Amino acid sequence: MALLGMRDVSFHVGGPALLDGISFMLEPRERVCLTGRNGAGKTTLMRLLLGEHKPDSGEIIVTPGTRVAYLPQDIPEGLPGTIAEIVAEGAAHHEAEGDWKVEMEAELWIDKVGLKPDTLFSSLSGGQKRRVLLARALASEPDVLLLDEPTNHLDIQSIDWMEDLLKSSNTALLFITHDRAFLRRMATRILELDRGQVYDWACDWDTFLVRKEALLEAQEKEWADFDKKLAQEEAWARRSPKARRARNEGRVRALQAKRLERAARRERQGTATLAFGESDRSGDKIVETENLTFSYGDKPIITECSTIIHRGDKVALLGANGAGKTTLLRLLLGQLKPVSGTLKLGASLQVLYFDQLRAQIDPEKTVRDNIGGGQEWVEVAGKRTHVMTYLQSFLFDPKRAMIKAGMLSGGERNRLLLAKLFTRPGNVLVLDEPTNDLDIETLALLEELLVEFEGTVLVVSHDREFLDNVATSTLSIGPDGVVEDFVGGWSDWKRQHEERLAREAAARSKSGASRSPAVTPAQAGAQPAKRKLSFKEQKEREALPKKIEELEAAIAKGVEAMGDPGYYKQAPADLAAANAKQAALDAELAATYKRWEELEELA
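No experiment lies behind these values; they were computed from the predicted model shown.

Caption draft 1: Seen up close, the pairing of strand 8 (residues 189-194). Burial within strand 8 is extensive, with six of its six residues counted as buried. Neither face of strand 8 is exposed, since R189, L191 and L193 on one face and I190, E192 and D194 on the opposite face are all buried. Bridge analysis of strand 3 (residues 31-35) against strand 8 gives four bridges, and the strand direction is parallel. Within the sheet, the bridge partner assigned to T35 lies in strand 8 and is E192. Sheet topology places strand 8 next to strand 9 (residues 197-201); five bridges connect them, and they run antiparallel. For I190, the partnering residue across the bridge sits in strand 9 and is W201.

Caption draft 2: Region of interest: the packing of helix 2 (residues 83-90) against helix 4 (residues 126-139). Put simply, helix 2 and helix 4 touch, their axes get as near as 6 Å, and they point 30° apart. In this structure, helix 2 meets helix 4 at a crossing whose hand is right-handed. Here I83, I86, V87, E89 and G90 of helix 2 lie close against helix 4, whose contacting residues are V132, A135, R136 and A139. When the residues that make up the contact of helix 2 with helix 4 are grouped by side-chain class, the tally is six nonpolar, one polar and two charged.

Caption draft 3: Structural detail: the sheet that holds strand 16 (residues 351-354). Taken in spatial order, the seven strands line up as 12-22-21-14-20-19-16 in an open sheet, and their pairing is mixed. Each edge of the open sheet carries a strand with a single partner, namely strand 12 (304-305) and strand 16. Where strand 16 lies against strand 19 (residues 428-432), four bridges are found, and the strand directions are parallel. Residue pairing for strand 19: V351 is matched across the bridge by V428. Packing of helix 13 (residues 410-421) onto the sheet brings it into contact with strand 16 and strand 19, and relative to strand 16 it is tilted by some 170°.

Caption draft 4: Representation of unusual backbone geometry in the model. In the Ramachandran plot, E141 falls in the positive-phi region, its phi being about 50° despite a non-glycine side chain. For E141, a relative accessible area of 35% corresponds to the partly exposed category. Even without a glycine there, the phi angle at E433 is positive, about 55°. Note that E433 resides in the loop between strand 19 and helix 14 (440-452).

Cut-offs and rules
- Residues numbered from 1 in each chain as written.
- Predicted model: local features only at pLDDT ≥ 70, side-chain atom pairs only at ≥ 80, totals over all residues.
- Heavy atoms only, no water.
- Buried < 20%, exposed > 50% of the residue type's maximum accessible area, 1.4 Å probe, protein only.
- Helix = DSSP H or I, 4+ residues; strand = E, 2+ residues; numbered from the N terminus.
- Pairing = 2+ DSSP bridges.
- Axes fitted to C-alpha atoms, helices over the stretch in contact; angles between N-to-C directions.
- Left-handed = near helix turned anticlockwise from the far one by under 90°.
- Contact = heavy atoms within 4.5 Å.
- Nonpolar A, V, L, I, M, F, W, Y, C, P; charged D, E, K, R; others polar.

And the structure:
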């Protein structure tokens, strides 16, 4: 029996219908990917299913007794409470069986998340928050789980964890994702939202791509034949007085019907044109490090990094959430001063920085003013181009170009940041999570641009297929802070990493790895008594989340400044002072986190 779906649903948000009489049903245990271009209405469709919007016409179908849960694209701001309290909200349907059942169900999912139950949700990283919200959703034991970009903010290990968790559940899934590796592993069926219509493909992703291409070719041929016949009929009507005779009225009516059909046709959204002007070539060596280390206070982040990056290298940075990928990026760019070791930067570097916080976008300015700064023209690749023409190449029509950037979707904001970035010449591209929220067509174009770019690319991304398609080498940050070089992208790193683990396991087995002395029950129980927080410490603990937010905002502002090419043209003393200030903020943030952890242990 079908669980959830739509029957002849239409929904308008100005202009053509976002959803135009669509119908589909979701069956038990199906894993269905909802795909489509940015702005096609995917999130709106989910909100209609959840009852957050009402359709203009048609029916939302929910089979009685079906429990539906939702993991939104954006992490809710200001969500209060501890991990245990938030996950218990999902298990609240067990209240009739007693509080013990709610607590037991919450503990089960918190254990799978791998975090401490008493930790405040507001203090977690983006990836940890996604884990907690997924645990809350699954704790409700839903029949249907709706997921909107579930891999955002997660590191690759967490995505693997999520995939395994979802595949082992009996929950039906309807999910939106740009992560092609996640899509390939999870989807058993594809729903494509295109120009207001839903196309149902009962196949996996790769089969869908082949069938979709064939459909588009057939549609283009059909439209070309239609347009040819329409042009012939229009020519006949213009030149022939016979068109006005009674016996030709049927042909005239047919012509009028063809005109209406042509006017109602919705063309496919165009493809973004990604291009930018490369500056003068840099030297052959971009970065050379030897025995580089870095710490925030007494907390080591990078304990060993020795590498050479050459012009033309496309380098992926891998590591778990919090491992220090962004810190390593800034170290390699000379924006942070290492504790020890040597760092040599190449000559004639012009760095373009794409930051994952999109701090370079002013949400209060229009899309147009974010690019042109009030000017009518921009210079791209040595050519003077009108701002509106340039924005249209990034799929912003004139109407969309005049709205505030804060009103854009996540994918549109990323496209806008790329558009802003590419107005500047550069020979080193630094991309921190550039793939979040981009539709798959734009991702493919970005990959092609990066592969053909003759300069150097440093990229942090959780998108495994993106890294495989772009990266020529990988710098991997281990749990001990050691940075290692690997040839190739993510799949190559994974293969080499697993081979090494297998060799190490075999070596331990052969040599008989030493075991720690047995601990007696008496010794195990001899733990020191845990003291309580003082009143002063309790107040300090409550104030730390706000302080962390303020420090992160200050750091984001500094990152925004670093994205301006003029930043690197400052006098050496001013540049050193700005970098020192940023390093001090980073150190203070790390110390604040550490203090918060200490107080949480006592709470």
